[in-house]
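Tertiary structure, described
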Amino acid sequence: MSSLGRSFFSPGSGGTGTGPFDPARDAGYTDPPPRKGFFTDTSVCIGCKACEVACKEWNAVPEDGIALTGMSYDNTGGLGGSTWRHVAFIEQELPAPGQGGGRPDTVDLGMPTATLPGADPEHREHADFRWLMESDVCKHCTHAACLDVCPTGALFRTEFGTVVVQDDICNGCGYCVPACPYGVIDRRDGPAGDPAVGLAQKCTLCYDRLSDGMEPACAKACPTQSIQFGDLDELRERAQGRLDMLVESGETTAQLYGHDPGNGVGGTGAFFLLLDEPEVYGLPPDPVVTTKDLPGMWRQAALAAAALLGGAAAAFIGAGGGRR
Amino acid sequence: MTEQDVRRRGGGKRRRRRGRGEQAMVPDAEFTSYYGRPVVKASPWQADIPAYLFLGGLAGGSSLLAAGADLAGLPRQRRSARLVASGAIAGSLYALIHDLGRPARFHHMLRVAKVTSPMSVGTWILSAYGPFNALATAGELIGLMPESVRRSRIGRTLGVAGRPGGMVAALIAPAVASYTAVLLTDTATPTWHAAKRELPFVFVGSAAAATGGMGLVAGPLGESGPARNLAVGGAVLELGASRIMQHSMGITAEPLHQGTAGNLHTAATTLTTAGAVGAVAGQRSRIASVLSGLALTAGSACTRFAIFHAGQASAHDPRYTVVPQRERREARGASTS
Ligand code: SF4
Ligand code: SF4
Ligand code: SF4
């Protein structure tokens with residue numbers, strides 16, 4: 001813990017874009033376990049929200065308002081202080097696979113359905129409509145802006161390479177909130193009496209469960225293995241295989257998101273297989289850790305400070321010793 | 001707008017790209033989002049934070065004015081500037097702590113020192129600045145006490161410590177006034193982050209304008225020369241840097257011209273310009289000087305609130321996150337994210 005928040009500036013990290021590096025080792029752990037993370041394959045997500053519920057149950061996260069958003073069946077809306085897992089529902093006026101467009105047939109998951117859309121011979125017409133679902137979560141960035149900017153050290157890097165808030169240290173300054181390039185972390189604003197009100201809250205990647213050798217609650221609860229937990233290296237390989245398979249079978253817009261250690265945050269610990277562009281799911285298309293530009297910002301501030309000092313001196317010289 | 005965002009996609013999206021440096025005030029029609037919901041989170045900060053930015057600038061500037069007045073032999077300007085500095089720094093600390101989700105845990109800021117966290121750096125700058133500023137103020141106040149108090153041992157010590165205390169405070173003061181810009185720019189809030197090159201100059205200019213302005217209000221006319229220079233110089237720097245900043249920000253400058261932020265921005269520009277002109281034109285009139293000083297101070301405050309609100313607005317609209325990132329990604333010709 002000697003190097004709280006040094007993820008970006010630490011010697012040897014070389015900044016972003018220099019390839020793989022181990023955040024746990026960089027944070028001072030001498031013999032950390034392999035870096036852990038999530039591969040979320042949205043192509044098999046059925047939007048059951050079991051992960052959202054499992055996360056709330058295990059972590060005792062309170063409900064965050066029972067209101068309808070009015071925009072879709074997604075009534076949680078987004079990640080926040082009381083939503084650490086969030087399943088996005090995207091309704092698109094595009095043919096679903098199997099309904100034209102040269103896409104392959106969907107796999108019937110055996111869920112209790114009446115009929116598949118368009119399968120009923122009475123209504124053979126194809127609906128130009130598809131649903132995309134994506135279970136979103138903290139990305140546990142290799143270069144985590146939230147951790148960099150935290151002025152108390154409440155956010156720290158675990159031995160698993162993940163990023164966790166310590167409730168007993170956070171002072172609720174909220175600096176991590178605008179710092180996160182993915183809009184993940186937030187200050188919990190209710191309900192009254194909840195011990196974490198006023199504190200920054202987000203997914204811990206179930207640090208307590210990991211420490212006991214268990215998998216995170218959300219991954220455990222996922223019935224389709226859309227959320228896969230494991231060693232990051234292995235997950236990246238598995239993801240590539242799945243992507244190749246989908247592309248080969250005609251899902252040409254499929255892409256991996258966040259997996260690349262050369263991206264703006266040095267690669268994320270939670271990455272995704274998406275069927276459309278990131279922004280469709282509410283994800284930033286090209287996120288960069290905010291502290292990447294910090295050395296330049298400090299330099300500008302130092303120049304400005306010098307200008308103020310010089311200007312103040314000049315104000316007195318210009319006044320000819322002061323009077324008038 | 002929400003459903004359309006989802007629908008409005010397909011073949012021809014995000015084809016358009018703008019040439020570098022060209023200012024984009026026309027909304028980009030091609031852009032997708034998740035039901036128009038924000039991508040990044042707006043800071044949970046309230047009015048306390050822009051107030052804190054403004055008061056920090058005023059405190060830092062006033063310490064400089066006080067030290068200069070001390071050296072130049074302008075005792076009444078020195079006194080008023082020291083008092084303004086103390087009041088402002090006390091107010092800014094109050095605002096900072098008041099805005100915390102758990103104010104009682106303020107001391108946890110002193111657990112670590114992190115150069116990657118402008119808030120941590122700022123806390124340490126303020127911790128260094130505060131005591132010296134207090135020493136200068138104590139030296140000033142002791143001068144107002146009856147003879148017996150001034151003659152006491154404590155009185156004599158404080159009387160002597162005022163000057164060095166004020167000098168050290170003045171050396172730290174520029175950092176107090178400028179680090180607050182980094183506090184905002186080191187975020188994923190589009191409008192703040194895009195202002196990273198020029199915002200420190202806008203802020204120190206604004207600090208000098210407010211300081212000079214308060215110097216004109218609180219100091220005597222006969223000793224107002226340096227305060228007037230500082231006010232006018234600060235106003236010119238603030239307005240100039242702000243113009244350059246808006247040109248370099250691309251579409252993220254838009255929120256600075258819309259809604260609450262837009263009104264505040266207009267007010268800031270008007271007040272600062274009027275104050276600077278008045279400070280020069282009315283230099284022989286006490287009333288004109290005071291009015292100009294008030295305008296400059298109010299203009300400086302409006303600048304902080306305008307920048308603050310513009311950033312919040314830019315975080316609420318996914319366009320300001322998605323469009324520039326999309327352009328950056330395409331310019332790079334890469335598709336990794
Ligand atoms: S996604 Fe945001 S909250 Fe999660 S580690 Fe990265 S910066 Fe921190
Ligand atoms: S809100 Fe808490 S976790 Fe976030 S930056 Fe402040 S102290 Fe750190
Ligand atoms: S890893 Fe744990 S804390 Fe994170 S989303 Fe899953 S259940 Fe919630």
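Small disclaimer: the values here were computed from a predicted structure and weren't measured.

On to the nonpolar core. A:Phe38, A:Leu155, B:Tyr52, B:Tyr129 and B:Leu199 are the most contacted members of the largest nonpolar core, which totals 148 residues. Of all the elements, helix α2 (residues 48-72) of chain B adds the most residues to this core, at twelve residues. Those residues in contact with B:Leu199 that sit more than four places away from it in its chain are B:Ala181, B:Leu184, B:Thr185, B:Met245 and B:Ile307. B:Phe31, B:Val39, B:Ile251 and B:Val322 belong to the second-largest nonpolar core, a separate cluster that totals six residues.

Residues and elements named next belong to chain A. As a structural note, the neighbourhood of ligand 3 is formed by 13 residues, with Cys 55, Arg 85, Cys 203, Cys 206 and Cys 218 the closest of them. If you list the elements that add at least two residues to the shell around ligand 3, you get α2 (50-59) and α6 (217-221). Per-class residue counts for the shell around ligand 3 are ten nonpolar, two polar and one charged.

Our focus in this paragraph is the site of ligand 2. Every one of the 13 residues lining ligand 2 counts as a neighbour, but A:Cys150, A:Cys170, A:Cys173, A:Gly174 and A:Cys176 are closest to it. Partitioned by chemical class, the residues of the shell around ligand 2 number nine nonpolar, four polar and no charged.

The next subject is the confidence of the model for chain A. Caution applies to low-pLDDT regions: their predicted coordinates should not be interpreted in detail. Residue and element names in this part refer to chain A. Across chain A, the average pLDDT comes to 86, with 81% of residues at 70 or higher. Counting contacts from residues 1-19, a segment whose pLDDT is below 50, to residues more than four positions away or on other chains yields 55 contacts. Residue range residues 99-108 is modelled with pLDDT below 50. Its contacts to residues more than four positions away, or to other chains, number 17 contacts.

Turning to helix α6 (residues 153-185) of chain B, a few remarks are in order. A rise of 1.5 Å per residue sets the reference length of α6(B), with its 33 residues, at 48 Å; its end C-alpha atoms lie 47 Å apart and thus fit the reference within 8%. The largest bend in α6(B) is about 40°, located at B:Ile172, with the proline B:Pro174 one to four residues further on.

Here the focus is the interface of chain B and chain A. Each partner contributes residues to the interface: chain B has 78 residues there, and chain A has 95 residues. Interface area, chain B with chain A, both sides summed: about 6,900 Å², of which 60% is carbon and sulfur. Between chain B and chain A we count six salt bridges in total. Summed over the shared surface of chain B and chain A, the number is 35 residue pairs in polar contact (both at pLDDT 80 or more). Elements that contribute at least two residues to the side of chain B that touches chain A include exactly α1 (2-7), α2, α4 (118-142), α6, α8 (199-218), α9 (225-248) and α12 (319-332) of chain B. In terms of residues, the side of chain B that touches chain A owes the most to one element, α6(B), which gives nine residues. Classifying every residue of the side of chain B that touches chain A gives 36 nonpolar, 23 polar and 19 charged.

The rules behind these values
- Residues numbered from 1 in each chain as written.
- Chains lettered and ligands numbered in written order.
- Predicted model: local features only at pLDDT ≥ 70, side-chain atom pairs only at ≥ 80, totals over all residues.
- Heavy atoms only, no water.
- Core = buried A, V, L, I, M, F, W, Y, C linked by side-chain atoms within 4.5 Å.
- Buried < 20%, exposed > 50% of the residue type's maximum accessible area, 1.4 Å probe, protein only.
- Helix = DSSP H or I, 4+ residues; strand = E, 2+ residues; numbered from the N terminus.
- Contact = heavy atoms within 4.5 Å.
- Near = heavy atom within 4 Å.
- Nonpolar A, V, L, I, M, F, W, Y, C, P; charged D, E, K, R; others polar.
- pLDDT = per-residue confidence, 0-100.
- Expected span 1.5 Å × (residues − 1).
- Bend = angle between axes of the 7 residues up to and from the residue.
- Buried area = accessible area lost by both parts, 1.4 Å probe.
- Salt bridge = Lys/Arg side-chain N within 4 Å of Asp/Glu carboxyl O.
- Polar contact = N/O pair within 3.5 Å; in protein donor to acceptor, adjacent residues only side chain to side chain.

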